[in-house]
Amino acid sequence: MYSETFRPPFILIPKGGFLYFPPEFQAKYLKIHLLFSKELDKVDRICSLATWNLFPKRCEVFFMLGNRRSHFDYQTFLLSSLKDIYKTNPTIVEYYSASIEKLYILNLDDIKPLVSNTYSRIGKPSNQQPELLRSYILMSDLGFHSISKWVKHLRAHDILCNIVGVTKSDVPGLGTHYDFISRFWGVSPEAEKSAKNSLHSFVSKPRKKLKKNEKLPPKHPGVIKNLVEQALKGRTVETRPEKMFQQIFAKLAVEPSAKLCLLGDAQKIDISGDGTCLETGGSSLGIKTCDCIKKGIFNCKCDRKFSDPDAKRGWDSYHEKWYNGHCLYFLSVYNSDLKKDLPIYFRMVQAQRYDGVTAIFAISEVRKMYPLFNFDKFIADAAHDNYPTYKLLNKWNIKAVISLNPKGEGKNKYEPPIGYTKDGIPICKCNQPMVYDWYDKGRSRIKYRCPLVKKRIIKCPCKEECSPSSYGRVVYVKPSDDLRLFTAIPRNTDMWKQIMKKRTSSERVNKRILEDYNMEEAHCRGKKRWSWWTLIHSINI
């Protein structure tokens, strides 16, 4: 941990803090030097070895975050700088007013405890960390896709530097911007380098196209059932590399939005899930490392290097084409009062990953990320229509509002008799679908009433033999008989249709990311960069 030859004669302790080392380090390394700040006036005490034993045995360990400016200090600096600019050029301040307001409100102090562990306890302190994140957010807000071009543009404009929180002479460099991304990615630089230099098999683009709106089926049959069983046991993947990105997004965007009631009632949140295709900037052909060309073999299938080794072949059902890249999955909330679509969770997966598989990971992880939220409904398309998903949602008391997959017709666990529609609605003797009345939560059953009494039809020839009561015939259906067919909110009812309209929320979020922010224009390579830009654009949304 420390060099035998590096033994300066003193220890620098930052103001208001102590530094603790276990006794074995005290005995072996009697003189340790840790410099937390270049300015000595920010050092509280210079402690010699004589005072070492006066330290308490358990003290806070300081991470090398350097002199991190607080949000209040940033706001003070920004207002002071803009006042001077506004006196000479008010137009430019008004031009960037939306970006100024966004970053003025965004409190980066909230993530300090979260990111502290990503900084070393030794070495040179890291500076301008909040400023780097603001730089990326402003870059996204102004429509820049190249980091190198953005750094040059930033250094050329005083007002942009002030919005970020720096002066022109202190703009973070290009390499510092790239290193900042890697700091929060859950993969070591050595592992990343090894993966990039590794060889992968070459897969040709499939010639056969799928049908319109058809999606790739799960690669392994039964995988969703297995994942649901693991999720019900409380087992989730906690080692995902993008976990820190998701947590930063939750702290900076989702939790403040919940406090402002932008997500609606936090104890009754409706979430919609959907995936979208993301084409990588790397080539699908790769780089040959073999000597087949020298041998006259030009169409070899040897293993190759790829600039984006995480990218896979997938089917884009919207554009009806094969693509090389990733799949981006979102969980979103629709605010009906403000008419706004807000993402609360994202995850980057392989292009061929079936949305129904990703949904199990997403629902499990989002419940752990937001323990104070209560998710009332899950709204999704037919790709999520499978019995294990309904079972999982039922166990977690989440109502399923999922479109039926035509491929699943005739495969219900509970085969409906002639008296049921394909949506699970009872049919009366008059051959008319009965009318949904209410859901009895205490007994877990759905109540349907006579369509004549509910004035859905004018007359009924079977009125007397069906039920002489003025209340009309009543039929109860238990969702537990078939969770897929008899959903808590009956299919094709007015309530079901109204809730189903919220499903497009996740699609509109996908559109915001891909079209409004033009994320694919960055031509990134690698899951890390794509996940980072998803984080930045999602914060801006």
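Everything discussed here concerns the structure shown above.
Residues numbered from 1 in each chain as written. Predicted model: local features only at pLDDT ≥ 70, side-chain atom pairs only at ≥ 80, totals over all residues. Heavy atoms only, no water.

> Could you clarify how one ought to interpret the overall build of the protein chain in this entry?
Check the secondary structure of the protein chain and you find 18 helices and 13 strands. A total of 541 residues make up the protein chain; the buried ones form 46% of that total. Once local pairs closer than 6 in sequence are excluded, the contacts in the protein chain between residues at least 24 apart make up 72%. By element, 53% of the accessible surface of the protein chain is carried by carbon and sulfur atoms, the whole surface being about 29,000 Å². (Helix = DSSP H or I, 4+ residues; strand = E, 2+ residues; numbered from the N terminus. Buried < 20%, exposed > 50% of the residue type's maximum accessible area, 1.4 Å probe, protein only. Contact = heavy atoms within 4.5 Å. Areas by Shrake-Rupley, 256 points an atom, 1.4 Å probe, with all protein chains shown as cover.)

> Whenever I open this one, the packing of aromatic side chains confuses me. Can you help?
The description of an aromatic ring pair uses the distance of the two centres, along with the angle that the planes make with each other. By the definition in use, this model includes 15 aromatic pairs. When the ring of Y136 is compared with that of F180, the centres are 6.5 Å apart and the planes differ by 20°; the resulting orientation is stacked. Pair noted here: Y136 is in helix α6 (residues 129–141) and F180 is in helix α9 (residues 174–183), with a separation of 44 residues, a long-range link. Judged by centre distance (5.4 Å) and plane angle (40°), the ring pair of W185 and F245 falls under tilted. Residue W185 is located in the loop between α9 and α10 (189–197), and its partner F245 is located in helix α12 (residues 243–259); the two are separated by 60 residues in the primary sequence. When its relative accessible area of 8% is taken as the criterion, W185 is described as buried. The class for F245 is buried, based on a relative accessible area of 0%. What links up through ring pairs into an aromatic cluster is the set Y136, F180, F184, W185, F245, W532 and W533. (Phe/Tyr/Trp six-rings, centres within 6.5 Å; stacked < 30°, edge-to-face > 60°.)

> Got a minute to help me understand the pattern of salt bridges in this structure?
Two side chains that carry opposite charge are able to pair once their charged atoms sit near each other. Evaluated as defined, the whole model comprises 25 salt bridges. Residue K377 pairs with D270 through a salt bridge whose shortest N-O separation is 3.5 Å. Placement of the pair is K377 in strand β9 (residues 375–380) and D270 in strand β3 (residues 269–279), with a sequence separation of 107 residues. The exposure classification of K377 matches that of D270, with both residues buried. (Salt bridge = Lys/Arg side-chain N within 4 Å of Asp/Glu carboxyl O.)

> Help me understand the pairing of strand β13 (residues 474–477), please; the structure alone is not making it clear to me.
A regular strand places its side chains so that they alternate between the two faces of the sheet. Burial along β13 is one-sided: V475 and V477 are buried, while V474 and Y476, pointing the other way, are not. By the bridge criterion, 4 bridges tie strand β12 (residues 445–449) to β13 in an arrangement that is antiparallel. When the sheet's bridge partners are listed, Y448 is paired in β13 with V475. (Pairing = 2+ DSSP bridges.)

> Even after reading the chapter, I still don't get helix α7 (residues 147–155), so can you show me in this structure?
A turn of α-helix holds 3.6 residues, and therefore any two residues three or four places apart point the same way. Taken as a whole, α7 has its buried residues at I147, W150, V151 and L154. Projected onto a plane normal to the axis of α7, the buried residues spread over an arc of 100° and lie on a single side. Exposed and oriented more than 90 degrees from the buried face of α7 are K149 and K152. (Arc of directions from axis to C-beta.)

> Quick question: what am I supposed to make of the pairing of strand β6 (residues 312–316) here?
Within β6, 4 of the 5 residues are buried, leaving the element largely enclosed by the surrounding structure. In this sheet, strand β7 (residues 321–335) lies alongside β6 in antiparallel orientation, the contact comprising 5 bridges. Residue pairing across strands places G314 opposite Y323, the latter belonging to β7. Following β6, the chain reverses through 4 residues before pairing antiparallel with β7; E320 in that reversal takes a positive phi of roughly 55°.

> Please explain the nonpolar core as it appears in this structure.
Note on soluble globular proteins: their nonpolar side chains tend to be buried together. Within the largest apolar cluster, 96 residues are counted, with the highest numbers of intra-cluster contacts made by I344, F378, W532 and W533. For this core, the element with the highest residue contribution is α12, accounting for 9 residues. Sequence-distant contacts of W533, defined by excluding residues within four places in its chain, comprise Y136, M139, I147, M519, A522 and C524. Listed in part, the 17 residues of the second largest apolar core include I446, L452, C462 and L485. (Core = buried A, V, L, I, M, F, W, Y, C linked by side-chain atoms within 4.5 Å.)

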